[in-house]
There are 2 protein chains.
Amino acid sequence: MNQVIETLLNHRSVRSFTDERLTEEQIRLIVESAQRASTSSFIQAYSIIGVTDSDKKARLAEIAGNQSYVADNGHFFVFCADLYRHEVIGDMRDADVTGTLETDEKLLVAVIDAALASQNAVVAAESMGLGICYIGGIRNDMFAVKELLGLPERVLPLFGLAVGVPDHVEDQKPRLPFEHVYHENTYELDPNELKRQLSHYDETIHGYYAARGANRRDDTWTAQMGRMLSKPTRLDVKDFLKAQGYLKH
Amino acid sequence: MNQVIETLLNHRSVRSFTDERLTEEQIRLIVESAQRASTSSFIQAYSIIGVTDSDKKARLAEIAGNQSYVADNGHFFVFCADLYRHEVIGDMRDADVTGTLETDEKLLVAVIDAALASQNAVVAAESMGLGICYIGGIRNDMFAVKELLGLPERVLPLFGLAVGVPDHVEDQKPRLPFEHVYHENTYELDPNELKRQLSHYDETIHGYYAARGANRRDDTWTAQMGRMLSKPTRLDVKDFLKAQGYLKH
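Residue positions within a chain follow its written sequence, with the count starting from 1. Just so you know, chain letters begin at A and ligand numbers begin at 1, following the order they were written in. The predicted nature of this model means local features are confined to residues of pLDDT at least 70 and side-chain atom pairs, given and counted, to a pLDDT of 80 or more, with totals for whole chains, interfaces and linings taken over all residues. Computation of side-chain values covers all heavy atoms of the structure but excludes hydrogens and water.

With an unreviewed UniProt entry as reference, chain A is termed Oxygen-insensitive NADPH nitroreductase, source organism Exiguobacterium alkaliphilum. UniProt positions are given in the numbering used here, feature names are shortened, and annotations may be inferred rather than shown by experiment. Recorded under Sequence similarities (unreviewed entry), the UniProt text for chain A is reproduced unchanged: "Belongs to the flavin oxidoreductase frp family."

> Hey, could you run me through the overall build of chain A in this one?
Counting its secondary structure elements, chain A contains 12 helices and five strands. Taking 18 Å as the expected radius of gyration for a compact globule of 249 residues, we find that chain A reaches 20 Å, a close match to that expectation. Principal axes of the C-alpha set define a box for chain A whose edges measure 60 × 50 × 40 Å. Each residue is assigned to one of three classes by its accessible area relative to the maximum for its type, calculated with a 1.4 Å probe on protein chains only: buried under 20%, partly exposed between the two thresholds, exposed over 50%. Across the 249 residues in chain A, those meeting the buried criterion constitute 59%. When contacts within chain A are restricted to residue pairs at least 6 apart in sequence, long-range pairs at least 24 apart make up 79% of them. For chain A, the accessible area works out to roughly 9400 Å², and carbon and sulfur atoms hold 46% of it. His is not counted here, nor are the chain ends, while Lys and Arg score as positive and Asp and Glu score as negative. Charge positions come from single atoms, namely NZ of Lys, CZ of Arg, CG of Asp or CD of Glu. Taking the average location of the 27 positive side-chain charges in chain A and that of its 37 negative ones, the two points are 3 Å from each other. Elements are defined by DSSP. Helices are runs of H or I of four residues or more, strands are runs of E of two residues or more, and each kind is numbered from the N terminus. We take the radius of gyration over the C-alpha atoms and set the globule estimate at 2.2 Å times the residue count to the 0.38 power. By the convention used here, residues are in contact when the closest approach between their heavy atoms is within 4.5 Å. Using the Shrake-Rupley algorithm and a 1.4 Å probe, accessible areas are obtained, with residue cover drawn only from the displayed protein chains.

> Teacher, can you tell me more about the packing of aromatic side chains here?
The geometry of an aromatic ring pair is captured by the separation of the ring centres together with the interplanar angle, meaning the angle of the planes. Between rings of Phe, Tyr and Trp, where Trp is taken as its six-membered ring, a pair exists when centres lie within 6.5 Å; planes separated by under 30 degrees are stacked, by over 60 edge-to-face, and by other angles tilted. All told, the structure shown has 20 aromatic pairs over all chains when counted by the stated rule. On the numbers, 6.0 Å between centres and 80° between planes, the contact of Tyr84 of chain A with Tyr187 of chain B is edge-to-face. One end of the pair, Tyr84 of chain A, is in helix α5 (residues 84–92); the other, Tyr187 of chain B, is in the loop between β5 (182–184) and α10 (191–211), on a second chain. The interplanar angle of 70° and the centroid separation of 5.2 Å between the aromatic rings of Tyr134 of chain A and Phe159 of chain A together place this pair among those described as edge-to-face. Note that Tyr134 of chain A is positioned in strand β3 (residues 131–135) and Phe159 of chain A in strand β4 (residues 155–164), a separation of 25 residues in sequence. Taking the relative accessible area as the measure of exposure, Tyr134 of chain A reaches 15% and is therefore buried. Taken together, the ring pairs connect Phe77, Phe79, Tyr134 and Phe159 of chain A together with Phe178 and Tyr182 of chain B into an aromatic cluster. In this analysis the charged atom, NZ for Lys or CZ for Arg, is taken to sit over a ring once it is within 6 Å of the ring centre and within 35 degrees of the ring normal. Lying over the aromatic face of Phe42 of chain B, Lys173 of chain A brings its terminal NZ or CZ to 4.3 Å of the ring centre.

> It is not clear to me how the UniProt feature "domain: Nitroreductase" (unreviewed entry) in chain A should be interpreted in this structure. Could you clarify?
Here, UniProt's "domain: Nitroreductase" (unreviewed entry) annotation points to residues 10–164 of chain A. For the annotated span residues 10–164 of chain A, helix accounts for 46% and strand for 19% of the residues, and the straight-line distance between the end C-alpha atoms is 16 Å.

> In this structure, what is going on with the pairing of strand β4 (residues 155–164) of chain B? I would like to understand it.
A regular strand places its side chains on the two faces of the sheet in alternate fashion. Residue and element names in this part refer to chain B. Most of β4 is tucked away, with 10 of its 10 residues classed as buried. Note on pairing: two strands pair once DSSP finds at least 2 bridges between them. The sheet contact formed by strand β2 (residues 75–82) and β4 spans eight bridges and is antiparallel. Each bridged residue has a counterpart across the sheet, and for Val78 the counterpart in β4 is Gly160. Pairing analysis gives five bridges linking strand β3 (residues 131–135) to β4, with the strands arranged antiparallel. Each bridged residue has a counterpart across the sheet, and for Cys133 the counterpart in β4 is Ala162.

> Looking at this structure, I do not really get the nonpolar core. What am I missing?
One recurring pattern in soluble globular proteins: nonpolar side chains tend to sit buried together. Only buried residues count toward a nonpolar core. Its members are Ala, Val, Leu, Ile, Met, Phe, Trp, Tyr and Cys residues joined through side-chain atoms within 4.5 Å. If you look at the biggest cluster of nonpolar residues, it comprises 181 residues, and the most contacted ones within it are Phe77 of chain A together with Phe77 of chain B. Setting aside its immediate chain neighbours within four residues, Phe77 of chain B contacts Tyr182 of chain A together with Ile27, Ile30, Val31, Ile48, Ile49, Gly50, Phe159, Gly160, Leu161 and Val163 of chain B.

> Help me understand the interface of chain B and chain A in this model?
Many structure descriptions define interface size as the accessible area lost when the parts assemble. Facing 126 residues of chain B, the contacting portion of chain A comprises 126 residues. Summed over both partners, the interface of chain B with chain A buries about 10900 Å², with 62% contributed by carbon and sulfur atoms. Two parts placed together each lose some accessible area; with a 1.4 Å probe, that loss summed over both constitutes the buried area. Considering only the surface of chain B that becomes buried against chain A, Arg36, Phe42 and Tyr187 of chain B emerge as the three largest contributors, covering 8% of it. One side-chain nitrogen of Lys or Arg within 4 Å of one carboxyl oxygen of Asp or Glu is enough to make a salt bridge. Across the chain B-chain A interface, the total number found is 12 salt bridges.

> Please clarify how the packing of helix α3 (residues 54–63) of chain B against helix α8 (residues 142–149) of chain B should be interpreted in this entry.
Describing two packed helices takes the angle between their axes plus the distance from one axis to the other. All names here are of chain B. An axis is simply a line fitted to the C-alpha atoms; with a helix, the fit covers only the stretch in contact. Between two such axes, the angle follows the N-to-C directions and lies from 0 to 180 degrees. At their nearest, the axes of α3 and α8 sit 11 Å apart, and the two run at 175° to each other. Comparing their axes, α8 and α3 come out roughly antiparallel. On α8, the residues that touch Lys56, Arg59, Leu60 and Ile63 of α3 are Ala144, Val145, Leu148 and Leu149. The residue classification treats Ala, Val, Leu, Ile, Met, Phe, Trp, Tyr, Cys and Pro as nonpolar and Asp, Glu, Lys and Arg as charged. All others, Gly included, are polar. Its residues assigned to classes, the contact of α3 with α8 shows six nonpolar, no polar and two charged. An angle counts as roughly parallel when it lies under 35 degrees, as roughly antiparallel when it exceeds 145, as roughly perpendicular when it falls between 65 and 115, and as oblique in every other case.

> Help me understand the state of the cysteines, please; the structure alone is not making it clear to me.
Disulfides are covalent bonds that link the sulfur atoms of two cysteine residues. Whenever a pair of cysteine sulfur atoms sits within 2.5 Å, that pair is classed as a disulfide. The final tally for this structure, using the stated rule, is zero disulfides over all chains. Here Cys80 of chain A is not disulfide-linked; the sulfur of Cys133 of chain A is the nearest cysteine sulfur, at 18 Å.

> Sorry, what's going on with the domain arrangement of chain A here?
Note that the domain bounds were set by an automatic or database domain assignment. Entries for chain A in the domain assignment read domain 1 (3–170) and domain 2 (178–228). Here domain 1 of chain A and domain 2 of chain A have C-alpha centroids that lie 29 Å from each other.

> Sorry, what's going on with the side chain of Arg36 of chain A here?
With respect to the helices and strands, the residue Arg36 of chain A is situated in the loop between α2 (24–35) and β1 (46–51). Notably, Arg36 of chain A is buried but unbridged: the nearest opposite-charge side chain belongs to Glu126 of chain B, and the N-O separation is 8.9 Å. When near neighbours in sequence (up to four residues on either side) are disregarded, Arg36 of chain A contacts Asn120 of chain A together with Leu8, Leu9, His11, Gln172, Lys173 and Arg175 of chain B.

Encoded structure:
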């Protein structure tokens, strides 16, 4: 087991940071690490917004559902899928790129590109002893985030990333068993076997919630997922994607 | 600069592998590293299919546009967005989850979850001295990949990942300049400044293509992107997403 894999396996989200700010050098190493991630056919379809303005951070925290660690951290990044510069390239090169940019395929390309970059950023940050928390809550109001950060058409603010010196480190939540996530050659379909596996995992998660250091509760994974997925959320994501020039055909 | 960041900054895609197979232990460490990536609200909305069957690998290579390294590598993974198990949970918990699973929001969640996991897998693999290449080409025919791997509804094969002992290491392509990708507080919108930046980057890429070790050519980034984006591809991705129960409303 090398140091890199130790860093990966030791990950847990951090939701409480000291007030120490990231240095310019740390920010640059994190972003440059992000940029070295693979990118589909060299398209580089993402941008990263660092948010340092305290009013903007407070507003993002509010949008994300009043999560204090969105405002209080060492640095806050917003990762965006970005095909805006490709629209500009179409103009520079007198190439009609609009039809291509608006396909579902290019949504996948840009979202995957941004996510690969962000995970490299996370690994870089954690290797420096920093903690991170992904903030999907900015999708509670993508229109407001667009306005706040001045995003042009074809830019999608996918998630935030709070980074900083950990003030408190949480326990590590057990993941689904390896056999549940990894299949060989064929997806194991049998729903009864899947239910048996899920019940077993429920016992693991029940034990974790009952015994962890803080916020103990009586819960299981399938109960938690069942509750969460009974309530559709963020129903305006489709409108936002279309307004920004995605999924149009 | 620590060992983790060195691994990240040293990344380049590898398209030629020795015939050495990954060990069971390597596969397990790679998948377990993938599983430790952050996941949106603990949803764990992805699965990973390891493909070892040589007929299936040959077929995937064909689908991907006859890329030999899809068949010839140390191991081949297919990363899938996966909300199938959440459908089963709805059944177990007597919860009506269908409306939620079919929103655009949940497409983003599942795609981002799968991509974060895959990038951890990549970092783990590269830390062991292995090389990798993402294979977006499996999206040339997602219907065929579904059939080949026996994927149920709500599972999307997003991309492959060829992993193995590098037989040949390519040069590292220069990325967009830091200032081009990273903005502070507000997206820098001015298209003329963007064009100036892009022209400067074109010079960098022109120099890279003219001087690299193999496959030298006379090209720039905006020319390459302009050509690529003039031709819409994978127009059936939308049909596939809908057929698999995504983007339905």
